[in-house]
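Observations on chain architecture
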Amino acid sequence: MSTATISTTGAAAGRGLGYKTFSIGKFHFGRDEYFAHITYPKGLHIIPIDNFLRSLMRDVAWGFFYGTVNFDHVFGTVNHYGTVDMFAGLLNEGYRAAKQDYVETFNSKDLKKVFEDMLADWTNEGFDPFAAPDETGKAFGPKHGNNLKAIQRERMVAKRMVGLPNDLTYRTDAAGQTINRQFTDVPQDKPEVHAEPGFENEVHAFNMFAYVSRSDVTWNPSVVSCVHDSQFCSTTEEQILPITHGNDRVEWFIQASDEIIWDIEDGKTGRPRAKVTMKAGDVAAMPADIRHRGYSPKRSMLIVWENNDGTLPQRYASGELTPYPVEF
Ligand code: PHB
Ligand code: FE
């Protein structure tokens, strides 16, 4: 497996823009005012820098996620949970036919380190890769400052149920977690709780919609409940999911508010499979052999239900399990 190097030489840095270049294995990464430039033994690939940083942010924050993270139709990563493949053209029919596909395997922690360093160096002051495009400054231009606060966000872990005394995770105006500009229609009323005397400190309920309406990030599923391998992840979505996610297991979506339109493609080739418009209340099972990208015209609430069982990728890949959960 290959090691990483970081340098301040290379095409983009050589132009005096102030950005470092990064290498791991035979992949080299540079950035200029507008683009990430990726070179690998079979070619050169270019991705608009705002899209690249939004994808990179998620690949880093999610530890390479479940299955495949396609930054676009050419470049991405496949998680093997301990190691990770980084590829160009691997999941693109045209690249495969022309034998222009290239893939290298890394220890996940080595690639994560390079991705973290690249994200830190290439993210300028004012640009937040997790924010909706209308709620952030720009990614472009020569290097100016950084935004470590935004890219090093820590997940909040509730020590007891959200909203009970001494819980620090309940979102409030006072803590700067205000209701998002597109969620002013979300009712903020609180459930009535009638606890038996003596249990006032133990029994609680809160308005999940009100809580989620205060999220300041987009396209970032956060685990809100976890029972064995069942993970319920709520997220707020606006504009475009920066990555195209290739599943290695079935994944369920529950559209909790508003509307998202999904492009569904074959996971290996990228051939179009379906368009799915999900309105509030709709539930969908995304098959184990597809990739998908969502479009949310207005900020919306989605619950992503993941199955964390580590045996699943192999069982789907071998054909032991059908790629869809139900036979009608
Ligand atoms: C997904 O790929 O399933 C996904 C990723 C991020 C989201 C929602 C869905 O915010
Ligand atoms: Fe997905």
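Below is a summary of the structure that appears in this document.

Reading the values: rules and limits
- Residues numbered from 1 in each chain as written.
- Chains lettered and ligands numbered in written order.
- Predicted model: local features only at pLDDT ≥ 70, side-chain atom pairs only at ≥ 80, totals over all residues.
- Heavy atoms only, no water.
- Near = heavy atom within 4 Å.
- Polar contact = N/O pair within 3.5 Å; in protein donor to acceptor, adjacent residues only side chain to side chain.
- Areas by Shrake-Rupley, 256 points an atom, 1.4 Å probe, with all protein chains shown as cover.
- 1 Å grid on protein atoms, 1.4 Å probe; cavity = no way out; pocket = protein on both sides within 12 Å on 5 of 7 lines; lining within 4 Å.
- Sits in = over half its atoms within 2 Å of the grid points.
- Helix = DSSP H or I, 4+ residues; strand = E, 2+ residues; numbered from the N terminus.
- Donors = N, O, S within 2.8 Å, 3.2 Å for Na, K, Ca; no water.
- Buried < 20%, exposed > 50% of the residue type's maximum accessible area, 1.4 Å probe, protein only.

In the vicinity of ligand 1 lie 15 residues, with W219, E237, H245, E251 and H292 positioned nearest. At 2.6 Å from an oxygen atom of ligand 1 is found a side-chain nitrogen or oxygen belonging to E237. A distance of 3.2 Å separates an oxygen atom of ligand 1 from a polar side-chain atom of H292. When isolated, ligand 1 has an accessible area of 280 Å², and the protein chains bury 100% of it. When atoms are counted within 2 Å of each cavity's grid points, the one that captures over half of ligand 1 is the largest cavity. Elements that contribute at least two residues to the shell around ligand 1 include exactly β11 (230-240), β13 (251-255) and β17 (290-307). The greatest single-element share of the shell around ligand 1, amounting to three residues, is contributed by β17.

Let us look at the coordination of the iron ion (ligand 2). Reference geometry at the metal: tetrahedral coordination by four donors gives ideal angles of 109.5 degrees; octahedral coordination by six donors gives 90 or 180 degrees. Around the iron ion (ligand 2), the protein supplies H245 (ND1), E251 (OE) and H292 (NE2) as donor atoms, at distances of 2.0 to 2.2 Å. Written as a sequence motif, the donor residues of the iron ion (ligand 2) are H-x5-E-x40-H. In this pair, H245 is assigned in strand β12 (residues 244-246) and H292 in strand β17, connecting sequence segments 47 residues apart. Comparing H245 with H292 shows no difference in burial state: the two are buried.

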